[in-house]
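# Descriptive analysis of the structure
Here is what each chain is made of, one letter per residue.
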Amino acid sequence: MKLRTRLFLLVAGTVVPLVALAVVLSILLVDHERETLQRGALDRNRAFMTAVDTEINGHITSLQALATSERLEAGDIAGFGREAVRVLASQSGWQDVVLASVDGTRLFDVRAHDELAAPLEDHSSIARAISTLAPATGNVVYRPQVRNYGVAIRYPVVIAGTVRYVLSAVVDPLAFERLIQMQDLPSGWVSGLVDRSGHFVARVPRRGNAEMASKDFIAAVAHAPEGWYRGHTVEGEDTFTAFRVSSLTGWSIGLAMPPATIYSSAGRVAWALALGTLSTLLIALAVALWLSRRIARPISDLAAAARALGREPESVRIDSVGDIEEVGELARALNEAAAGIREREALRTRERVALREADRAKDEFLAMLGHELRNPLSAITTSVQVMRSAPAGSGIETQARAIIERQSSQMTRLIEDLLDISRLSMGKVRLHPEAFDVEQLVRRLVQTWEQSRRIEPGRISVLTEPVWVRADRARIEQVFANLLDNATKFTPPDRVIAVEVRHDAGDAVLEVRDQGAGIAPEMLNEVFRLFVQAPQGPDRTRGGLGLGLAVVRRLVELHGGSVRAASAGPNLGSTFTVRLPAVEPVVSAIQPQAPAAPRELRILVIEDNDDGREMLRTMLELHGHEVRAASTGVEGIKEARRWLPDVVLLDVGLPDLDGYEVARRLRAERAMVQAKLVAITGYGQSEDEQRAYRAGIDVHMTKPVEPQELLRILAQGVRQKTDEPSAAASGS
């Protein structure tokens, strides 16, 4: 390699960092200048919008004082008009005072007595004031009766709990233009106040109130309540613009400045950096010429090694490159790079294998999920067809109904396992610990399974002793149910499943032993992983997705416990042992009360799903309750006011108002304070429950709802309502 070539390589190695540094510094300087101006512009906007909101609030305060007139309550419109004339004379920024009915018809207009029958302009602000029971600021509109533009501020006049009138003050837009002029903007800057419809309320330089703001500004305001963008003004000028939207009025303010304002100072510094970079390059060239003779041969060797690195990294090994320390360091770096490339190639090979394995696992999981969902769906579909054809009340119809219930329960458990895994993985499971006896929990669950024919009586051998824990009762029952369900899958029907509860070394021990297929030694630590299952045939007669034991382990660990699997080998059964910290027994001094006899309830069902609503109505009526139904939130609120139900079953995902808003409005009704509100929803996260309780809902139930659980909650509602008079009497 020639010396000239080596020189150019060395200079290039020196030039690149300096040029990059100069470019980066220039960019950072321009960005800093732009950010400084951006922050200043945003601060100006906030201050200006605060001034506008203060101005609006002042007008609202004056309207509020005028709205308290006794003449309005007495219906004396003429007398109120005389008061409005005096108020208008005292307000320098007001063009007019208008009193209108709720349908928008003028009842009194200070400036246009001969046009009282004409409707008010800007109906949207009237509607907002009536619907929100709060003041509303309208858009800038042309008022033919006064031949001028104005902005209406609406105030709803509430008499006896009902909006009787809408009182409006029409403000001259020039009042807001004076606020912009007070900013004393630099030459070439533009500031404009824009209403909800995109028309100018005020602008400097001035534009007509009939004109719209630029498309760039309207698009930016629609995207965010505050921000910064580069675009064009209505005159077509290229500018940087800061904007902010008022939460009080919905108006927006824009402050635009020419790009030259931002780039001028940064450009001067950029030239200085360019000259400094050129001087440094000249010095670097001189040093490179002096060093070129000493580095020629090592550089040539390193270049050859670098070329080989791309072709055959396994053969690259540089041993001797002369006595220059930096060149030696470069040689070591090339050796390390070669080793790194070789290691990355090996890692890439392993990753390809892992990706293929993950893809295979994904395909297997989807196949398992499809199988597990299609099986119960097929049975349900067939059973529905059988019920249509079978005689009413026949054994065939009863059998089909039982199949539908059993398969629906299977699908519910499958979906709940999937949801539990998701919640556990994201840390969204909240425990509700209480002290209870594990023995009672185990015996009650076994008895329930036997009574519901989920398992044959006598198939489970129970050996227990009292042992107490402090834990989430529902979650520990879920752990036991999953272990018991797993044991029934793998144990032949003619063999017994043993369940034992005992106290051991300060722990509560729950043990489930089956006589099933057993677990191979290499699988003992794998069975608690997600989607891990023992091998099954194509028919998948044992079912499942490999989720149950993963849920068990994560729930037990959340309680500070442990779970372990043991097996002597295939076909020799398995034992699952759960250990939880034990606590001292809790003795309750409260004697259980006999449940009150159920009585007929007035129940309102608010549900937008037609099938779900009608089936819930039918089920409740079959149990002796009087039921009415509504498909929207607004319809449900009206029906509740007319009928005053004892219980409201409320879906959260309604098409108009969500269930939380419906609950808040019902709680605001004095007659509905004592009603029991029950949310029945597909939203089952802990934050959904908290939001429901904050809205005034008493009970939060996640779909699909067990009918017996719903009837139990309704019975609790009966007892509460029955006990209230006696409680009130004792308090008096």
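Here the residue numbering is sequential within each chain, running from 1 through the sequence in written order. Reporting in this predicted model follows two pLDDT cut-offs: at least 70 for local features of residues, and 80 or more for side-chain atom pairs to be given and counted; totals over whole chains, interfaces and linings ignore these cut-offs and use all residues. Hydrogen atoms and water are omitted, and side-chain values are computed over all heavy atoms in the structure.

Let's shift gears to the overall build of the chain. Here a strand is any run of E in DSSP of at least two residues, a helix any run of H or I of at least four, and the numbering for each starts at the N terminus. Assigned secondary structure in the chain consists of 17 helices and 22 strands. Remark: exposure states derive from per-residue accessible area (1.4 Å probe, protein chains only) relative to the maximum for the residue type, with buried under 20%, exposed over 50%, and partly exposed in between. Residue burial in the chain is summarised as follows: out of 732 residues, 41% are buried. Residues count as neighbours in contact if any of their non-hydrogen atoms are within 4.5 Å of one another. Here the analysis covers contacts within the chain between residues at least 6 apart in sequence; of these, 60% occur between residues at least 24 apart. All accessible-area figures derive from a Shrake-Rupley calculation using a 1.4 Å probe, and residue coverage is judged against the displayed protein chains alone. A total accessible area of about 39800 Å² is found for the chain, and carbon and sulfur atoms account for 55% of it.

On to the sheet that holds strand β19 (residues 626–630), then. Pairing in this open sheet of five strands is parallel, and the strands run β19-β18-β20-β21-β22 from one edge to the other. The sheet is open, and its two edges are formed by β19 and β22 (699–702), each paired on a single side. Ignoring which end each strand starts from, the neighbouring axes of this sheet average 20° apart. In terms of strand pairing, strand β18 (residues 602–606) meets strand β20 (residues 647–650) through four bridges, oriented parallel. The partner of I606 across the bridge, within β20, is L650. Fitted lines through C-alpha atoms serve as axes, helices being fitted only where they are in contact, and the angles separating the N-to-C directions of these axes extend from 0 to 180 degrees. In the packing of helix α14 (residues 633–643) onto the sheet, the strands contacted are β18 and β19, and the crossing angle to β18 comes to about 165°. When DSSP locates at least two bridges between a pair of strands, those strands are taken to pair.

Classification of ring pairs rests on two measures: the distance between centres of Phe, Tyr or Trp rings, Trp counted by its six-membered ring, which must be within 6.5 Å, and the angle between planes, read as stacked under 30 degrees, edge-to-face over 60 and tilted in between. Applying the stated criterion to the full structure yields four aromatic pairs. Judged by centre distance (5.2 Å) and plane angle (65°), the ring pair of Y142 and Y149 falls under edge-to-face. Overall, the relative accessible area of 42% leaves Y142 in the partly exposed class. Relative to F243, the ring of Y229 lies with its centre 6.1 Å away and its plane at 50°, an arrangement referred to as tilted. Of this pair, Y229 sits in strand β8 (residues 226–232) while F243 sits in strand β9 (residues 238–245), placing them 14 residues apart in sequence. Given a relative accessible area of 14%, Y229 falls into the buried group.

Moving on, we get to the confidence of the model for the chain. This prediction gives the chain a mean pLDDT of 79; 78% of its residues lie at or above 70. Across the chain, the secondary-structure element scoring lowest on mean pLDDT is helix α17 (residues 707–731), at 55, and the one scoring highest is strand β6 (residues 190–194), at 93. Every residue gets a pLDDT, meaning the predictor's confidence in that residue, from 0 to 100. Predicted confidence for residues 589–597 stays below pLDDT 50, and this span has three contacts to residues more than four positions away or in other chains. Scored below 50 in pLDDT, residues 718–732 makes ten contacts in the model with residues more than four places away or belonging to other chains.

The residue N335 is located in helix α8 (residues 325–389) in this model. Residue class for N335 comes out buried when judged on its relative accessible area of 12%. Separated by 29 residues in the primary sequence, N335 and A306 have C-alpha atoms spaced 9.7 Å apart.

So, on to helix α3 (residues 77–90). Multiplying one less than the number of residues by 1.5 Å gives the expected span of a helix. Its 14 residues give α3 an end-to-end C-alpha distance of 20 Å, which sits within 8% of 20 Å, the value for a rise of 1.5 Å per residue. The set of residues buried in α3 consists of G79, F80, G81, E83, A84 and L88.

Of all the residues in helix α4 (residues 123–132), the buried ones are S125, I126 and A129. Seen from one end, α4 has its buried residues packed into an arc of 105°, which puts them on one side. Considering only its buried residues, α4 is in contact with β3 (136–143), β4 (148–159) and β5 (162–171). Note on α4: the residue one or two positions beyond its end, L133, has a positive phi of about 55°. Note: the arc covers the axis-to-C-beta directions of the helix.

Attention now moves to the sheet that holds β5. Strands sit in the order β2-β1-β5-β4-β3 across an open sheet of five strands; the sheet is antiparallel. The sheet terminates laterally at β2 (106–109) and β3, the two strands that pair on one side only. Strand-to-strand twist across the sheet, computed as the mean angle between neighbouring axes with direction ignored, equals 25°. With three bridges joining them, strand β1 (residues 94–101) and β2 adopt antiparallel strand pairing. Among the inter-strand pairings, A100 is bridged to a residue of β2, identified as R106. Contacting β1, β2 and β5, α3 runs over the sheet at an angle of about 160° to β1.

This part takes up the nonpolar core. Residues V442, F480, L483, L484, F576 and V578 are the most contacted members of the largest nonpolar core, which totals 39 residues. At the level of elements, α10 (438–451), β13 (468–472), α11 (473–490), β14 (497–504), β15 (507–513), α12 (548–558), β16 (562–566) and β17 (575–583) are the ones that each hand at least two residues to this core. Looking at this core, the element that brings in the most residues is α11, giving seven residues. Contact partners of V442, with chain neighbours within four places excluded, come to F480, V499, V501 and L510. In this description, a nonpolar core means a group of buried Ala, Val, Leu, Ile, Met, Phe, Trp, Tyr and Cys residues linked to one another through side-chain atoms lying within 4.5 Å. In this structure, V52, L66, V97 and Y165 belong to the second largest nonpolar core, which totals 36 residues.

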